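# Descriptive analysis of the structure
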Amino acid sequence: MTTETNATELATELTIAWLGNSNTRVAADDVPAFLQSMYATVTGLGAPAEDNSLTPAEPEYMPAVSVRKSLSSKDHILSMIDGKPYKTLRRHLSGHGLTPDEYRARYSLKADYPMVAETYSESRRDMAKRIGLGRKAKVASDESAPADTTTVESPKRRRGAKKTEAADV
């Protein structure tokens, strides 16, 4: 009961202070309503805090196209965000603040959902094979070189050495 009494006294004191201000002009009929709102505010401050930290439910994202349609072409992948075709989705997703995993989770896609169009992936793989990526470097052994050839190797320059110094050596 002391808490309720304290809240009533505090609300009354606040109302008296508010009315005591010379800048406050209030009709006599408005004072009881103000006192009631002040009491409700004061008792609300003393009440246990409600759990307002509940995060709002994430908005449900509607895909622009179906999963089947997004993968219907080998030349491009249709984005679920805007329905536009892309060879690779990574840059498009980063522009929307998403990672591939977040994109897959947002639209309930499987973990193996591709982020790169099939033909684009094949052309990149072919180019990598042509330039020799993924192969171990061939080691030139002394046994494989013919013995009768005389080659003069130029001395290797140290990093940072000037060309004139290398020529003088």
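Figured I'd write up the structure that's included with this text. Everything quoted here is computed from the prediction, not taken from an experiment.

Looking now at the side chain of Arg104. Assignment of secondary structure puts Arg104 in helix 5 (residues 100-106). When sequence neighbours within four positions are dropped, the list of residues in contact with Arg104 reads Leu109, Lys110, Ala111, Tyr113 and Met115.

With that out of the way, let us pick up the side chain of Ser79. Secondary-structure assignment places Ser79 in the loop between strand 1 (77-78) and strand 2 (85-86). Setting aside anything within four residues of it in sequence, one finds Ser79 in contact with Ala64, Val65, Lys84, Tyr86, Leu89, His92 and Tyr103.

Compared with the 20 Å implied by 1.5 Å per residue over 14 residues, the 20 Å span of helix 6 (residues 118-131) between its first and last C-alpha is a close match. At the exit of helix 6 stands Gly132, carrying a positive phi of roughly 90°.

This part takes up the environment of Ala7. Mapped onto the fold, Ala7 is located in helix 1 (residues 2-20). Judged by relative accessible area, Ala7 falls into the buried class, the value being 8%. Between the alpha carbons of Ala7 and Leu45 there is a distance of 9.5 Å; along the sequence they are 38 residues apart. Residues in contact with Ala7, not counting those within four places in the same chain, are Tyr39, Val42 and Thr43.

Right, let's get into a positive patch on the surface. Among the surface-exposed residues, Arg125, Lys129, Arg135 and Lys138 lie close enough to one another that they form a single positively charged patch. Tracing the backbone shows Lys129 in helix 6.

One non-glycine residue, Ser108, lies in the positive phi region at around 55°. You can call Ser108 exposed: its relative accessible area is 68%.

Right, let's get into the nonpolar core. Among the nonpolar cores identified, the biggest contains 13 residues, and Met80, Leu89, Leu93, Tyr103, Leu109, Tyr113 and Met115 are the most heavily contacted of them. Once residues within four sequence positions are removed from consideration, Leu93 is found in contact with Ile81, Leu98, Thr99, Pro100, Tyr103 and Met115.

Bringing the packing of aromatic side chains into the picture now. Tallying each qualifying case throughout the model produces two aromatic pairs. With 5.5 Å between their ring centres and 65° between their planes, Tyr103 and Tyr107 make a pair best called edge-to-face. Classification of Tyr103 by relative accessible area gives buried; the value is 0%. Where Tyr103 meets Tyr113, the ring centres are 6.4 Å apart and the plane angle is 50°; that geometry is what we call tilted. Linking Tyr103 in helix 5 with Tyr113 in the loop between helix 5 and helix 6, this pair joins segments that are 10 residues apart in sequence. Take Tyr113: its relative accessible area is 4%, and that puts it in the buried class. Here the guanidinium or amino end of Arg106 rests over the ring plane of Tyr61, the centre of that ring lying 3.6 Å away.

Reading the values: the criteria
- Numbering of residues starts from 1 in every chain and runs along the sequence as written.
- Per-residue local features of the predicted model are confined to residues with pLDDT of at least 70, and side-chain atom pairs are confined, for both listing and counting, to 80 or more; whole-chain, interface and lining totals are unaffected and use all residues.
- Values reported for side chains reflect all heavy atoms of the structure, with hydrogen atoms and water molecules removed beforehand.
- Numbered from the N terminus, helices here are DSSP runs of H or I no shorter than four residues, and strands are runs of E no shorter than two.
- By definition, residues are in contact when any of their heavy atoms lie within 4.5 Å.
- Expected span of a helix: the number of residues minus one, times 1.5 Å.
- Whether a residue is buried, partly exposed or exposed follows from its accessible area with a 1.4 Å probe, protein chains only, as a fraction of its type maximum: under 20%, in between, or over 50%, in that order.
- Only residues whose relative accessible area exceeds 30% and that take part in no salt bridge are eligible for patches, with like-charged residues grouped when within 9 Å of each other and nonpolar side chains (Val, Leu, Ile, Met, Phe, Trp, Tyr) grouped when within 5 Å.
- We get accessible surface area from the Shrake-Rupley algorithm with a probe of 1.4 Å; when it comes to residues, only the shown protein chains can shield them.
- What makes a salt bridge here is a side-chain nitrogen of Lys or Arg within 4 Å of a carboxyl oxygen of Asp or Glu, nothing more.
- His is not counted here, nor are the chain ends, while Lys and Arg score as positive and Asp and Glu score as negative.
- Taken as the charge centre is NZ of Lys, CZ of Arg, CG of Asp or CD of Glu, depending on the residue.
- By convention a nonpolar core is built from buried Ala, Val, Leu, Ile, Met, Phe, Trp, Tyr and Cys residues, the set being connected through side-chain atoms within 4.5 Å.
- For Phe, Tyr and Trp, where Trp contributes only its six-membered ring, two rings pair if their centres lie within 6.5 Å, and the inter-plane angle classes them as stacked under 30 degrees, edge-to-face over 60, or tilted in between.
- As a reminder, the over-ring test applies to NZ of lysine and CZ of arginine, requiring each to be within 6 Å of the ring centre and within 35 degrees of the ring normal.

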